[in-house]
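In case you want the letters, here they are:
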Amino acid sequence: MSLSRRQVAVAAAAVPLVFSMSGTAHAGTRRTPTLYIAGDSTAAQKYANAAPETGWGMAIPFFLRSSRLAVSNHAVNGRSSKSFVDEGRLKGILSAIRPGDFLLVQFAHNDEKAEDPTRYTEPWSTYQEYLRMYLDGARARGARPVLATSVERRRFDAAGKALPTHGEYPAAMRALAAEERVALLEIQALSLALWQRLGAEETKKYFNWTATEQDNTHFNPPGAVEVARLVARELLRTRVLGPRDVRRLDERIPESWITWPEAAA
């Protein structure tokens, strides 16, 4: 995940987009819970200058009932579990999160960059240490933390086998989730299986392959929708959410539902 073109809208990306069509349904009723997303460019909001690149966080509201759950997407291009904390972005979430809310955490893509000390974490030590900051921070405020193993890149061997690309990071997250008794969304394993079913050629239709770019990390609208579908199904499977909280899990989502706002000046 590079820090070049995808960092163009840094100032805009620092301001999360909140999706909810209801807020509180009626005066005097309880506040609608919010799902906060902390993550990297695979989940982040994209702007008009990056289209058709699409983060799965842009599509997750299509699978959640807005009357029961709002979405506040704080994922930002190029961040790791470490740099997200060091830049004060976790602090920003924790200043807003409330009892009954959820904090969904997906990092690894940039934690893997050993050449960059501002982002690199080691799977079985610093990666887990930083992830604990998210868990502890959410719990201290009465919110529920949720860990999600990172969605897989598009990589195939010569025989057409989809290859894992995240090394020990998914295993380290799984171990931490078990130790801390935190819900774990198995997005890495599920996305790898999905890419394998689709195959090397068909997966190009889900990643940001354009006339000028062959991007095997980031998604176009169909890819973002399918990853968001995996996330929603996992939220249901792990009982983080109930059947009344989700919708359209087996329905086609039109590409036209994805929109890219202009970046803030």
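Residues numbered from 1 in each chain as written. Predicted model: local features only at pLDDT ≥ 70, side-chain atom pairs only at ≥ 80, totals over all residues. Heavy atoms only, no water.

Draft legend 1. Broad picture of the packing of aromatic side chains. Summed over all chains, the structure comprises eight aromatic pairs. Aromatic side chains Phe62 and Trp257 sit 5.4 Å apart centroid to centroid with 70 degrees between the ring planes, which places their arrangement in the edge-to-face category. Of this pair, Phe62 sits in the loop between β2 (34-39) and β3 (70-73) while Trp257 is found in the segment after α7 (221-237), placing the two residues 195 residues apart along the sequence. What makes Phe62 buried here is its relative accessible area of 14%. Between the aromatic rings of Trp195 and Phe219, the centroid separation amounts to 6.2 Å while the plane-to-plane angle is 40 degrees, which identifies the pairing as tilted. Of this pair, Trp195 sits in helix α6 (residues 187-202) while Phe219 sits in strand β8 (residues 214-219), and the two are 24 residues apart along the sequence. Residue Phe219 is classed as buried on the basis of its relative accessible area, which comes to 0%. An aromatic cluster of at least three residues, connected via ring pairs, comprises Phe84, Phe107 and Tyr134. (Phe/Tyr/Trp six-rings, centres within 6.5 Å; stacked < 30°, edge-to-face > 60°. Helix = DSSP H or I, 4+ residues; strand = E, 2+ residues; numbered from the N terminus. Buried < 20%, exposed > 50% of the residue type's maximum accessible area, 1.4 Å probe, protein only.)

Draft legend 2. Examining the packing of α6 against α7 more closely. Their axes nearest at 10 Å, the elements α6 and α7 cross at an angle of 135 degrees. One finds that α6 runs oblique with respect to α7. The crossing of α6 and α7 is right-handed. Where α6 abuts α7, its residues Ile187, Leu190, Ser191, Leu194 and Trp195 lie against Glu226, Val227, Leu230, Val231 and Glu234. Of the residues contributing to the contact of α6 with α7, the split by class is seven nonpolar, one polar and two charged. (Axes fitted to C-alpha atoms, helices over the stretch in contact; angles between N-to-C directions. Parallel < 35°, antiparallel > 145°, perpendicular 65-115°, else oblique. Left-handed = near helix turned anticlockwise from the far one by under 90°. Contact = heavy atoms within 4.5 Å. Nonpolar A, V, L, I, M, F, W, Y, C, P; charged D, E, K, R; others polar.)

Draft legend 3. Summary view of the pairing of strand β4 (residues 102-106). Counting buried positions over the five residues of β4 gives five, a clear majority of the element. Here β4 shows two buried faces, one formed by Phe102, Leu104 and Gln106 and the other by Leu103 and Val105. The sheet contact formed by β4 and strand β5 (residues 144-148) spans four bridges and is parallel. Each bridged residue has a counterpart across the sheet, and for Leu104 the counterpart in β5 is Val146. Assessed by its sense of winding, the connection that carries the chain from β4 through helix α4 (residues 123-140) to β5 is right-handed. (Pairing = 2+ DSSP bridges. Right-handed = clockwise from strand over helix to strand, strands pointing away.)

Draft legend 4. Main features of the nonpolar core. Ranked by internal contacts, the top residues of the largest apolar core, which has 44 residues, are Trp56, Ile60, Trp195 and Leu235. For this core, the secondary-structure elements that each account for two or more residues are β2, β4, β5, β6 (183-185), α6 and α7. It is α7 that provides the largest number of residues to this core, a total of eight residues. If near-sequence neighbours (up to four positions away) are discounted, Trp195 is found in contact with Val151, Glu152, Arg153, Phe156, Ala162, Thr203, Tyr206, Phe207, Phe219 and Val227. Counting residues in hydrophobic clusters, the runner-up holds 27 residues, among them Ile93, Leu94, Ala108 and Tyr127. (Core = buried A, V, L, I, M, F, W, Y, C linked by side-chain atoms within 4.5 Å.)

Draft legend 5. Seen up close, the pairing of β2. Within β2, six of the six residues are buried, which leaves the element mostly enclosed by the surrounding structure. Side chains of β2 alternate between two faces, with Thr34, Tyr36 and Ala38 and Leu35, Ile37 and Gly39 buried alike. As defined by bridge partners, β2 adjoins β3 across four bridges and the pair is classed as parallel. What sits directly across from Thr34, in β3, is Ala70. As paired strands, β2 and β4 are joined by five bridges and run parallel to one another. Bridge pairing links Tyr36 to Leu103 in β4.

Draft legend 6. Region of interest: the packing of α4 against helix α5 (residues 169-180). Running from amino to carboxyl end, α4 crosses α5 at an angle of 45 degrees, the nearest separation of the two axes being 10 Å. For the element pair α4 / α5, the angle class is oblique. Crossing geometry of α4 relative to α5 is assigned as right-handed. Residues Pro123, Trp124, Tyr127, Gln128, Leu131, Arg132, Leu135 and Arg139 of α4 pack against Tyr169, Ala171, Ala172, Met173, Ala175, Leu176, Glu179 and Glu180 of α5. Grouping the amino acids of the contact of α4 with α5 by side-chain chemistry returns 11 nonpolar, one polar and four charged.

Draft legend 7. Representation of the confidence of the model for the protein chain in the model. The pLDDT averaged across the protein chain works out to 91; a share of 89% of its residues lies at or above 70. Under a pLDDT of 50 for its full length, residues 1-15 has, in the predicted model, 37 contacts with residues more than four places off or in other chains. For the stretch residues 20-28, pLDDT sits under 50, and the model shows 11 contacts to residues farther than four places along the chain or on other chains. (pLDDT = per-residue confidence, 0-100.)

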